[in-house]
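# A look at the structure
Below are the chains, spelled out letter by letter.
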Amino acid sequence: MKKILALAAAALLTIPALADEGMWLLPLLQKMNGKALQEAGCKLTPEQIYSINNTSLKDAIIHFGGGCTGEIISGEGLIVTNHHCGYSSIQSLSTPEHNYLMDGYWAMSREGELPCRGLTVTFLKSMTDVTDILAKVEAKAAKGGDEKAVEEALRAKAQELTAEAEKANPNCTAQISSFYNGNVQYLIVSKVYRDIRFVGAPPASVGKFGGETDNWMWPRHTGDFSMFRVYAGADNEPADYSPENKPYRPANYLKISLAGTQEGDYAMIMGYPGRTQRFQTAAQLKQMLATNRIAIDARTVRQDLMWEAMCADPDVQLKYASKYASSANGWKKWQGEELAFEKLDIIGREERKEAAFMDWVGAKKKRQAAYGNALEKIASYVEGSSEASKAVTLLTEVPYRIELVGMASRFSNAVNRVLRNGESLGNDALEQGLAAVQRSYRDYVVDLDRKEAVALLEYYRKKADPAQYLQGLGGDFATLDIPAYVDELFDKSVFTSYEKLEAAMKSDDNKEIYENDPALKLQQSIISAVMALYPKVYEGADKLEEGSKEFAAGLLEWEKGKPSYPDANSTMRLTYGHVLPYSPKDAILYRHYTTLAGVMEKEDPTNPEFIVPARLKELYEKGDFGQYTDAADGKVHTCFLTNNDITGGNSGSPVLNAKGELIGLAFDGNWESMSSDVMFEPDLQRCICVDIRYVLFLVEKLGGARHIIDEIDLVK
Ligand code: ARG
């Protein structure tokens, strides 16, 4: 026994540290990764992955709704992404009578596919390095010695480039994105489709199985997927929603492999990672931890109240499902990050890296001139702004989270946009204001908000610097009777319901009511407090920008010759590596996949996060798994692990095998490496993926949507 364990442990330790770290830029794949990709086992050429002249894998990958990734899996524009990515759209389509979020849904025909208001998906056309073009413009303008003129010249050139690109690519949008802390610029051309319809999803008990308890953790058993479809005009181009629109015919779509994965198999992920901090300094990281701690503590106050109300009332549960999940997701992530920072000595390692960097800088005069002050500049900015930016976080995470304030804020922003055009509080302004808030009332529970308001204001009073207390709420905030204030706020404000707001705004004295509304007053008081802090927050921001740019440039020169990748910035990237287990702590080995048996093991009918639908249990007991079991063990594999380098925004990304066939969807990271946005941990960091065979099993057997299976290309 001992020997076997020792062998297993040894095997785990000798896992080849092949390709793993890196969110690689697609246009540079050949140059940076061509050989390594092959060595890692990839059977595709970089050109087959990303090409601007020929059809390539990238044509099947979409930016889903701006914050997630999705992929096209049929010739008729069928999209698969995560359940948590479709979550708010599904929630918006749900009512207590048709609760697609809780009960699941499958459109049995095209007519049943439900338009998702406001949802868009974006296809990448091309990315072109325009750094040199912009640098030349900058150099020329800089001769005049006028900073404003340089800025203006750069802005004009950027505008010329994007306008040209949009002209050359009909129906596309072009933008310039900055990489490596401002050292590199790309012109990115993409096409946005805006008629997106919901096709189907499993019930939340499957799509979000394990809830917040399992979130960010392994072992995992979540069927985290949902399906949508892109619709286009008759010419296959983007169009507003119309019943006449047709399913989009894509340039490319992914084939799906039923072969499953073995430990050590090649795996790669393409998608839209949102933000990482791999080029930040220790000073910035400490500041980030401090700010996150403020947000964690603040969110705890609000989430506890939301959770209590959600558990007590299914109507509140549906209305607050999405708000709660997104609040809790960040809240748990930051806590994991804090623990991982401590355990993995992230700050210490960063500081040692910076010391070594400074030694290298110090060795040459030229380097000293270029990079010698970078760290200093960043540190002085952080020091100068730190207290103010923490205070801003407290304001935005505490009083600003009172939903009534949010309503007043959205309403007044919309109204002010019109008023700025010179009109008085006339019909146009009011219509805009009402339109801006109407949807929000659909998911609003005023009694809950009233309770939250008391708790949040009391919490704010405890935490804020008294010198910065909110002003203008009637008397001294330090001694304000908060429950009485909140009662009056909610009793008097017209923002507590849409009907009340609409009636008031359509009455003759609307202007007076609006201007004297206590919710608007509270909102203005919070904004004034934030504005008072802004000068401090932004003081020296140019230093920060300069220092960050120099630091990144220095690091690149320091590691010259080594492949490099910039911080994530919501542009498409590739990460490649392997299917691998890991050891979370001494003596514990985590296998690289989970099975349906684990869903049954975790079942707890008394806990809303661990309910197993009766139908799923029935399928499990009957062994009714269709073609979706693993050839090696005859089981349904639910989730698996890779060492791919991902972050938020990659959710829903395709996990692809060596031939570029879909084997899973990335949906999470693991608890032991929650510092991964800052440093990659080869031994610990894993990407959690839902097995595509589990997805298809759920579509066909649980959802009864066999026609979806018939629509996609399965590779057996
Ligand atoms: N942790 C996942 C991510 O950030 C999101 C999971 C959503 N699920 C949840 N229980 N909140 O990509």
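Okay, so let's go over this structure. None of these values were measured; they are calculated from a predicted model.

## Thoughts on the state of the cysteines
Counted according to the given criterion, the structure contains one disulfide. A sulfur-sulfur distance of 2.2 Å marks the disulfide that ties C68 to C85. One quick way to see it: the torsion about the S-S bond of C68 and C85 is about -80 degrees, and its sign makes the bridge left-handed. In this pair, C68 is assigned in strand 3 (residues 68–72) and C85 in helix 4 (residues 83–93), connecting sequence segments 17 residues apart. One exposure class covers both C68 and C85, and it is buried.

## Describing the environment of G112
Inspection of the secondary structure assignment puts G112 in the loop between strand 5 (105–106) and strand 6 (114–115). Residue class for G112 comes out buried when judged on its relative accessible area of 17%. With 573 residues separating them in the primary sequence, G112 and Q685 have C-alpha atoms 41 Å apart. In this view, G112 contacts Y105, A107 and F198; residues no more than four positions away in its chain are not counted.

## Side note on the side chain of Q685
Turning to its location among the elements, Q685 is positioned in the loop between strand 19 (662–669) and strand 20 (687–691). A distance of 3.4 Å separates a polar atom in the side chain of Q685 from a polar atom in the side chain of D645. Residues contacting Q685, with those up to four places away along its chain left out, are R278, T642, N643, D645, I646, N670, S673, S676, M679 and F680.

## Some details on the nonpolar core
Counting 169 residues, the largest nonpolar core has I49, M227 and L616 as its most contacted members. Dropping the residues within four chain positions of it, M227 is found in contact with I73, L78, I79, V80, W106, F198, V199, G200, V695, V699 and I708. If you look at the next biggest cluster of nonpolar residues, it comprises 28 residues, including I62, I90, Y248 and A325.

## Focus: the site of the ligand
What surrounds the ligand is the set H84, K208, G211, E212, N215, W216, A325, N329, S651, F667 and D668. A distance of 3.4 Å is found between an oxygen atom of the ligand and a side-chain nitrogen or oxygen belonging to H84. Coverage of the ligand by the protein amounts to 91% of the 350 Å² it exposes when considered alone. Taken together, the elements giving at least two residues each to the shell around the ligand come down to helix 9 (211–214), helix 11 (314–343) and strand 19. Classifying every residue of the shell around the ligand by side-chain character gives three nonpolar, five polar and three charged.

## A word on the packing of aromatic side chains
One pass over the structure, following the stated rule, counts 30 aromatic pairs. Seen in terms of ring centroids, Y193 and Y248 are 4.6 Å apart; in terms of plane orientation they differ by 50 degrees. Their pairing is tilted. Taken together, the residues span a long stretch of sequence, with Y193 in strand 9 (residues 184–193) and Y248 in the loop between strand 12 (246–247) and strand 13 (256–257) at a distance of 55 residues. The exposure classification of Y193 matches that of Y248, with both residues buried. When the ring of Y582 is compared with that of Y590, the centres are 5.3 Å apart and the planes differ by 80 degrees; the resulting orientation is edge-to-face. Through successive ring pairs, a cluster of aromatic residues spans F64, Y100, Y105, F198 and F228. Across from the ring centre of Y231, 3.6 Å away, lies the NZ or CZ of R197, which sits over that ring. One residue, K332, lies across the ring of W671, its end atom 5.7 Å from the ring centre.

## Thoughts on helix 12 (residues 346–362)
Taking 1.5 Å as the rise per residue, helix 12 with 17 residues should run 24 Å; its terminal C-alpha atoms sit 24 Å apart, in good agreement. For helix 12, the complete set of buried residues consists of I346, I347, G348, E350, E354, F357, W360 and V361. For helix 12, the secondary structure elements touched by its buried residues are helix 10 (282–312), helix 11, helix 13 (365–371), helix 14 (374–397) and helix 22 (541–558).

## Here we look at the packing of helix 18 (residues 482–492) against helix 21 (residues 518–538)
Running from N to C, helix 18 and helix 21 cross one another at 125 degrees; their axes reach a closest spacing of 8 Å. In terms of orientation, helix 18 lies oblique with respect to helix 21. Contacts between helix 18 and helix 21 involve Y485, L489 and K492 on the former and, on the latter, P518, A519 and L522. Counted by class, the contact of helix 18 with helix 21 contains five nonpolar, no polar and one charged residues.

Scoring rules and cut-offs
Residues numbered from 1 in each chain as written. Predicted model: local features only at pLDDT ≥ 70, side-chain atom pairs only at ≥ 80, totals over all residues. Heavy atoms only, no water. Disulfide = S-S within 2.5 Å. Helix = DSSP H or I, 4+ residues; strand = E, 2+ residues; numbered from the N terminus. Buried < 20%, exposed > 50% of the residue type's maximum accessible area, 1.4 Å probe, protein only. Contact = heavy atoms within 4.5 Å. Polar contact = N/O pair within 3.5 Å; in protein donor to acceptor, adjacent residues only side chain to side chain. Core = buried A, V, L, I, M, F, W, Y, C linked by side-chain atoms within 4.5 Å. Near = heavy atom within 4 Å. Areas by Shrake-Rupley, 256 points an atom, 1.4 Å probe, with all protein chains shown as cover. Nonpolar A, V, L, I, M, F, W, Y, C, P; charged D, E, K, R; others polar. Phe/Tyr/Trp six-rings, centres within 6.5 Å; stacked < 30°, edge-to-face > 60°. Lys NZ or Arg CZ within 6 Å of the ring centre and 35° of its normal. Expected span 1.5 Å × (residues − 1). Axes fitted to C-alpha atoms, helices over the stretch in contact; angles between N-to-C directions. Parallel < 35°, antiparallel > 145°, perpendicular 65-115°, else oblique.

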